[in-house]
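Results of the structural survey
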Amino acid sequence: GIQVEQSPPDLILQEGANSTLRCNFSDSVNNLQWFHQNPWGQLINLFYIPSGTKQNGRLSATTVATERYSLLYISSSQTTDSGVYFCANQAGTALIFGKGTTLSVS
Amino acid sequence: DAGITQSPRYKITETGRQVTLMCHQTWSHSYMFWYRQDLGHGLRLIYYSAAADITDKGEVPDGYVVSRSKTENFPLTLESATRSQTSVYFCASSDSQGHYSSGYTFGSGTRLTVV
């Protein structure tokens, strides 16, 4: 089946630092999405980004479908950015999730 | 309130008991999904539904039953709960298969413990 690999698995940052999270796919990119799971467990949809680049405040995402990867950029990180970041790729009807990157900002 | 709501938020049940987790959405989204989240496994799809009365299995369907008699509701039933079903369960909805302009929206989750 489709594999979704995320890196790094864990990331520790000081406030104000920038970071890049990566997602690699074993199959074609379809309806790629990025999610943030906050420390209370809520899953928030950050980006729907099957290709190209999108920006939302301090966050931006880029998907290069031809090379089967996507990047999530976090600039000037804040403590509220802490949590787990998931990327997900569509397989058939449903999304297949990576195992996530756990980000801690202090 | 508009959105997707799950109930209960927390549930403790005994092995062998039947338990139903509820999911309700107010957007009239066609697609609804149930995922479970476990340490080391991320989110895994249990069942999904493309419309009322249409359901299909996901990656880990064994031990679960779903129904969708109305578009807005998608309950998940554990017929005979086992300890391996201790997990956090998330319901999600989306507006269409081919164009996720807004992507998935998730409920707040149900933390289920089977003792």
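Residues numbered from 1 in each chain as written. Chains lettered and ligands numbered in written order. Predicted model: local features only at pLDDT ≥ 70, side-chain atom pairs only at ≥ 80, totals over all residues. Heavy atoms only, no water.

**Some thoughts on the sheet that holds strand E1 (residues 4-7) of chain B**
Residue and element names in this part refer to chain B. We count it as follows: A pair of strands is labelled paired if DSSP reports no fewer than 2 bridges between them. Secondary structure elements are defined from DSSP: runs of H or I of at least 4 residues count as helices, runs of E of at least 2 residues count as strands, and each element is numbered from the N terminus. Every axis in this analysis is a line fitted to C-alpha atoms, fitted for helices over the stretch in contact. Angles between the N-to-C directions lie between 0 and 180 degrees.
Read from one edge to the other, the open sheet built from 4 strands follows the order E1-E3-E8-E7, with strand pairing classed as antiparallel. One side of each edge strand has no neighbouring strand; the edge strands of this open sheet are E1 and strand E7 (64-66). Strand-to-strand, the axes of this sheet are offset by a mean angle of 15°, without reference to chain direction. Judged from the 3 bridges that link them, strand E3 (residues 19-25) and strand E8 (residues 76-78) form a sheet pairing that is antiparallel. When the bridges of E8 are listed, Leu21 appears paired with Leu76.

**A short note on the pairing of strand E10 (residues 94-97) of chain A**
Taken residue by residue, a regular strand's side chains alternate between the two faces of the sheet. All names here are of chain A. In terms of strand pairing, strand E9 (residues 83-91) meets E10 through 4 bridges, oriented antiparallel. Looking at E10, one finds that Asn89 is bridged to Ile96. Between E9 and E10, which follow one another and run antiparallel, lie 2 residues, and Gly92 among them has a positive phi close to 70°.

**Some thoughts on the interface of chain B and chain A**
Going by this rule: Here, two residues are considered to be in contact whenever any of their heavy atoms come within 4.5 Å of each other. Defined in terms of a 1.4 Å probe, buried area is the accessible area two parts forfeit on being brought together, summed over both. Throughout this description, the term salt bridge denotes a Lys or Arg side-chain nitrogen within 4 Å of a carboxyl oxygen of Asp or Glu. Polar contact is the term for a pair of N or O atoms within 3.5 Å; when the atoms are in protein, one must be able to donate a hydrogen and the other to accept it, and sequence-neighboring residues count only if both atoms are side-chain atoms.
Each side of the interface is counted separately: chain B has 21 residues, and chain A has 17 residues. Both sides of the chain B and chain A interface together cover about 1,600 Å² of buried area, and 55% of this is carbon and sulfur. Applying the counting rule to chain B against chain A returns 0 salt bridges. Linking chain B with chain A are 6 residue pairs in polar contact (both at pLDDT 80 or more). Mapped by element, the contributors of at least two residues to the side of chain B that touches chain A are strand E4 (31-38) and strand E5 (42-51) of chain B. Tallying contributions element by element places E4(B) first for the side of chain B that touches chain A, with 4 residues.

**Focus: the nonpolar core**
All names here are of chain A. Where we set the bar: As used in this record, nonpolar core signifies buried Ala, Val, Leu, Ile, Met, Phe, Trp, Tyr and Cys residues forming a set joined through side-chain atoms within 4.5 Å. Buried, partly exposed and exposed residues are distinguished by accessible area as a fraction of the type maximum, computed with a 1.4 Å probe on protein chains only: under 20%, between the cut-offs, and over 50%, respectively.
Residues Leu21, Leu32, Trp34, Phe47, Leu72 and Leu103 are the most contacted members of the largest nonpolar core, which totals 20 residues. Of all elements in the fold, only strand E2 (10-13), strand E3 (19-25), strand E7 (59-64), strand E8 (69-74), E9 and strand E11 (101-105) reach the threshold of two or more residues within this core. The dominant element in this core, judged by the number of residues it contributes, is E3, at 3 residues.

**With respect to the pattern of salt bridges**
Close approach of charged atoms allows side chains with opposite charge to pair. Residues and elements named next belong to chain B. This model, assessed by the stated rule, comprises 4 salt bridges over all chains. For Glu14, the salt bridge identified is with Arg17, shortest N-O distance 3.3 Å. Note on Arg17: relative accessible area 48%, which makes it partly exposed. Among the salt bridges present, the one from Arg44 reaches Asp38, with a minimum N-O distance of 3.0 Å. A single burial state applies to Arg44 and to Asp38, both of which are buried. Via salt bridges that share partners, Arg36, Asp38 and Arg44 belong to a single interconnected network.

**Observations regarding the sheet that holds strand E6 (residues 52-56) of chain A**
Residue and element names in this part refer to chain A. The strand order E1-E3-E8-E7-E6 describes an open sheet built from 5 strands, whose pairing is antiparallel. With partners counted over all chains shown, the strands left at the sheet margins are strand E1 (4-7) and E6, one partner each. Looking at each pair of strands side by side, their axes are set apart by 15° on average, direction ignored. Looking at chain direction, E3 and E8 are connected through 6 bridges and run antiparallel. Paired with Arg22 across the bridge in E8 is Leu71.

**Observations concerning the state of the cysteines**
Chemically, a disulfide is nothing more than a covalent bond linking the sulfur atoms of two cysteines. Our working definition: For this text, the term disulfide refers to a pair of cysteine sulfurs within 2.5 Å.
Applying the stated criterion to the full structure yields 2 disulfides over all chains. With a sulfur-sulfur separation of 1.6 Å, Cys23(A) is cross-linked through a disulfide to Cys87(A). The disulfide joining Cys23(A) to Cys87(A) has a torsion of about 60° about its S-S bond and is therefore right-handed. One end of the pair, Cys23(A), is in strand E3; the other, Cys87(A), is in strand E9, and 64 residues separate them in sequence. Taking relative accessible area as the criterion, Cys23(A) reaches 0% and is therefore assigned buried. Across a sulfur-sulfur distance of 1.9 Å, Cys23(B) and Cys91(B) are joined as a disulfide pair. The sign of the -80° torsion about the S-S bond sets the Cys23(B)-Cys91(B) disulfide as left-handed.

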